[in-house]
Amino acid sequence: VTFAEYDLKSRNKAKIASDAEARRGNKTAARRKVSLSVIPPSRSLKERAQTAAIVAAAHAGAVDRDARFPQESFDALKRERLLGILIPTELGGEGASPTDLVEVCFTLGRACGSTAMIYAMHQIVVAALVRHAAPGSWHDELIRRIADEQLLMASSTTDGQGGGDLRKSECAVVDADTMKTLIKSATVMSYGAQADGVLTTARRTPDAPPTDQAAVALLKDDYRLTPLMSWDTLGMRGTCSSGFTLEARFPRQRILEPSYREINSRTVMPVAHLTWSAVWAGIAAGAVDRARAFVRAAARKSAGAMPPGAAHLTRASSSLLVLRGTITAALQAFEAVRDNAEALEAIDLQARLNLHKVTASELAVSIVMSALQACGLAGYRNDGEFTIGRNLRDVLSSTVMINNDRILANVGQAALLSDFTRTLTN
Ligand SMILES: Cc1cc2nc3c(=O)[nH]c(=O)nc-3n(C[C@H](O)[C@H](O)[C@H](O)COP(=O)(O)OP(=O)(O)OC[C@H]3O[C@@H](n4cnc5c(N)ncnc54)[C@H](O)[C@@H]3O)c2cc1C
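Residues numbered from 1 in each chain as written. Predicted model: local features only at pLDDT ≥ 70, side-chain atom pairs only at ≥ 80, totals over all residues. Heavy atoms only, no water.

Teacher, can you tell me more about helix α11 (residues 347–375) here?
An α-helical turn contains 3.6 residues, so a residue and the one three or four places further along point in the same direction. With 29 residues, α11 should reach 42 Å at 1.5 Å per residue; the first-to-last C-alpha distance of 42 Å fits that figure. Once α11 ends, the next one or two residues include G376, with phi positive near 60°. (Helix = DSSP H or I, 4+ residues; strand = E, 2+ residues; numbered from the N terminus. Expected span 1.5 Å × (residues − 1).)

Can you walk me through the sheet that holds strand β5 (residues 213–219) in this structure?
Within a sheet, neighbouring strands are paired by backbone hydrogen bonds and run either parallel or antiparallel to one another. Sheet architecture is open: 3 strands sit in the order β1-β4-β5, paired in mixed fashion. Of all the strands in the sheet, just β1 (153–156) and β5 have a single pairing partner and so form its edges. Across the sheet, the mean angle from the axis of one strand to that of its neighbour is 25°, orientation sign disregarded. For strand β4 (residues 197–203) and β5, the ladder comprises 7 bridges, and the chain directions are antiparallel. When the sheet's bridge partners are listed, T200 is paired in β5 with V216. On top of the sheet, helix α6 (residues 113–132) reaches β1, β4 and β5; it is set at about 85° to β1, its chief contact. (Pairing = 2+ DSSP bridges. Axes fitted to C-alpha atoms, helices over the stretch in contact; angles between N-to-C directions. Contact = heavy atoms within 4.5 Å.)

Mind showing me how you'd approach the site of the ligand here?
As a structural note, the neighbourhood of the ligand is formed by 20 residues, with T158, S190, V400, D405 and R406 the closest of them. One of the side-chain nitrogen or oxygen atoms of S190 is found 2.7 Å away from a nitrogen atom of the ligand. Between the ligand and the protein, one listed contact pairs an oxygen atom with a backbone N or O atom of V400 at 2.6 Å. The protein chains hide 69% of the 960 Å² of surface that the ligand would expose on its own. The element contributing the most residues to the shell around the ligand is helix α14 (residues 404–417), with 3 residues. Of the residues assigned to the shell around the ligand, the class counts are 9 nonpolar, 9 polar and 2 charged. (Near = heavy atom within 4 Å. Polar contact = N/O pair within 3.5 Å; in protein donor to acceptor, adjacent residues only side chain to side chain. Areas by Shrake-Rupley, 256 points an atom, 1.4 Å probe, with all protein chains shown as cover. Nonpolar A, V, L, I, M, F, W, Y, C, P; charged D, E, K, R; others polar.)

It is not clear to me how the nonpolar core should be interpreted in this structure. Could you clarify?
Taken as a class, soluble globular proteins show a tendency for nonpolar side chains to be buried jointly. Formed by 127 residues in total, the largest nonpolar core has its most connected members in M117, Y119, L182, W276 and V279. Looking at this core element by element, the count peaks at 21 residues for helix α8 (residues 260–301). Here L182 is in contact with C171, A172, V173, T200, A202, V216, L246, E247, A248 and F250, once residues within four sequence places are set aside. (Core = buried A, V, L, I, M, F, W, Y, C linked by side-chain atoms within 4.5 Å. Buried < 20%, exposed > 50% of the residue type's maximum accessible area, 1.4 Å probe, protein only.)

Can you walk me through the pattern of salt bridges in this structure?
Two side chains that carry opposite charge are able to pair once their charged atoms sit near each other. A complete count under the given rule lists 21 salt bridges for this structure. Linking D289 and R110 is a salt bridge whose minimum nitrogen-to-oxygen distance equals 2.8 Å. With D289 in helix α8 and R110 in helix α5 (residues 98–111), the pair connects residues that are 179 residues apart, well separated along the chain. On the basis of relative accessibility, which here comes to 28%, the residue D289 falls in the partly exposed class. We note a salt bridge from D165 to R406, for which the minimum N-O separation is 4.0 Å. Of this pair, D165 sits in the loop between β1 and β2 (174–176) while R406 sits in helix α14, and the two are 241 residues apart along the sequence. One connected set of salt bridges, linked through shared partners, spans R261, E262, R266 and E345. (Salt bridge = Lys/Arg side-chain N within 4 Å of Asp/Glu carboxyl O.)

Explain the packing of aromatic side chains to me, please; I cannot follow it from the model alone.
For any pair of aromatic rings, the description rests on two quantities: the centre-to-centre distance and the angle between the ring planes. Summed over all chains, the structure comprises 3 aromatic pairs. Ring centres of W276 and W280 lie 6.2 Å apart, and the angle between their planes is 50°; on these two criteria the pair is classed as tilted. Residue W276 and its partner W280 are located together in helix α8, separated by 4 residues, close to a single helical turn. For W276, a relative accessible area of 8% puts it in the buried group. With a relative accessible area of 0%, W280 lands in the buried category. Aromatic side chains F294 and F386 sit 5.4 Å apart centroid to centroid with 80° between the ring planes, which places their arrangement in the edge-to-face category. Of the two residues, F294 is situated in helix α8 and F386 in the loop between α12 (377–380) and α13 (389–395); the sequence distance between them amounts to 92 residues. There is no split in this pair, since F294 and F386 are both buried. (Phe/Tyr/Trp six-rings, centres within 6.5 Å; stacked < 30°, edge-to-face > 60°.)

Explanation requested: a nonpolar patch on the surface in the structure shown.
A contiguous nonpolar patch, built from I347, L416 and L417 and spanning about 360 Å² of accessible area, is present on the exposed surface. With respect to the helices and strands, the residue I347 is situated in helix α11. According to the relative accessible area criterion, I347 is partly exposed, its value standing at 42%. (Patch = residues over 30% accessible without salt bridge, like charges linked within 9 Å, V, L, I, M, F, W, Y side chains within 5 Å.)

How should the packing of α11 against α14 be read in this particular structure?
A packed helix pair is summarised by two numbers, namely the angle formed by the two axes and the spacing between the axes. Look at α11 against α14: their axes get within 10 Å of each other, and the N-to-C directions meet at 145°. Of the two possible hands of crossing, α11 and α14 adopt the one that is left-handed. Contacts between α11 and α14 involve I347, A351, N354, L355, K357, V358, S361 and E362 from the first element and N404, I407, L408, V411, A414 and L417 from the second. Classifying every residue of the contact of α11 with α14 by side-chain character gives 9 nonpolar, 3 polar and 2 charged. (Left-handed = near helix turned anticlockwise from the far one by under 90°.)

Just to check I follow, could you spell out unusual backbone geometry for this structure?
When glycine is set aside, most residues are seen to have a negative phi, and most peptide bonds are trans. Although it is not a glycine, Y191 sits at a positive phi angle of roughly 40°. Inspection of the secondary structure puts Y191 in the loop between β3 (179–186) and β4. Unusually for a residue other than glycine, I402 sits at a positive phi of about 60°. Along the chain, I402 turns up in the loop between α13 and α14.

Can you walk me through α5 in this structure?
The end-to-end C-alpha distance of α5 is 20 Å, a good match for the 20 Å that 14 residues give at a rise of 1.5 Å each. Buried within α5 we find P98, L101, V102, V104, C105, T107, L108, G109 and A111. Residues of α5 that are buried sit in contact with α3 (45–66), α4 (71–79), α6, α8, α9 (310–337) and α13.

The analysis is restricted to geometry; functional conclusions fall outside its scope.
Pasting the structure below:
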């Protein structure tokens, strides 16, 4: 019996016992039993991520072809209990660091871009909840449930025709009796149909300006989704980022206390840009893996002589190292101040993490392009073991996922005011 099988067996046993208690109406015992099922597996995070990545890689082609949710990958991620790793141990998680998280994103990105991006988006929501929920709040209970039940959380910031301007909302929270309501034209909402809940943004009141936003965490029972737009895209097809009308009715406790401005600048933006860049680096690394295999195979066939495209592999490998360095540096800058609100909101750090997204996306695209050049037609083909097609299509989403032009325009002001490179090494 492997560790994974052993862990799964004992967790299943605990789940069955918990369900039996729940059927008997004994809620406390049910919760205690189910928490037994969430004892973190004894294997390392790296091993568990690799196990899930093997499953993701096996299904990546079908997920991309059929533009379907990577169900098998998420079954594996849940089996490996990877959805709650960021959650502190006292709330049932593992207290993993942002560095641990980006490693998992990278490992998954190498196998299946859609799986990795969904995983990253879920973890951005978890990070926001963990860092901004008031102790003892309803959100604390939600965090526990994410760890216990491996709930999958989506995010809905895109509102109507507002594009990637997540600091503005059209929809508003409205008072209705003792409850609140909101109706949002969520024109892009990844895995909305599959998620167990969503973190969404809305103006605090119908009179509030678009930038006075609240963040509302909702569970599936709190809202209804009506399909608005399909998701037939070049890449990241498995993210199933369709559009929906989101209609929610919820108690006040679902609203996080801090403003979305604060949640975004301290957590959502940094964690998004770090995890996304790790996903794109993983996609790029996957393309480099294929290019290396192609060059090796070609060299074997011609008595060790390197094929003409080999120099592109060297360039891709070198750029991948640069990308790795860029991510590591941005990660260290964030980790160094992650509990210091003032430092997190400093103009230099905000600009740096925003520019990191632009640089990482451009580098990742160029790496995949170099890998394609190294493979030539074998890479351009959609069939065959050296195809780079899915990697290229997936990685092209990086420049539009919060459009680089928008970010550059926003950071422009900060670049005028600040010299980001007063020293060379820190
Ligand atoms: C794979 C994927 C998954 C996604 N998942 C989600 C999700 O789960 N939830 C969610 O809410 N959203 C999601 N989104 C949407 C995302 O958050 C943005 O809304 C979207 O990427 C913005 O795309 P855009 O380029 O059309 O919009 P915009 O940013 O509005 O840009 C539109 C055009 O205007 C240009 N432009 C914009 N601003 C400027 C400027 N200041 N200066 C010059 N030119 C400018 C851009 O170059 C572009 O050509 C997802 C997007 C992708 C690609």
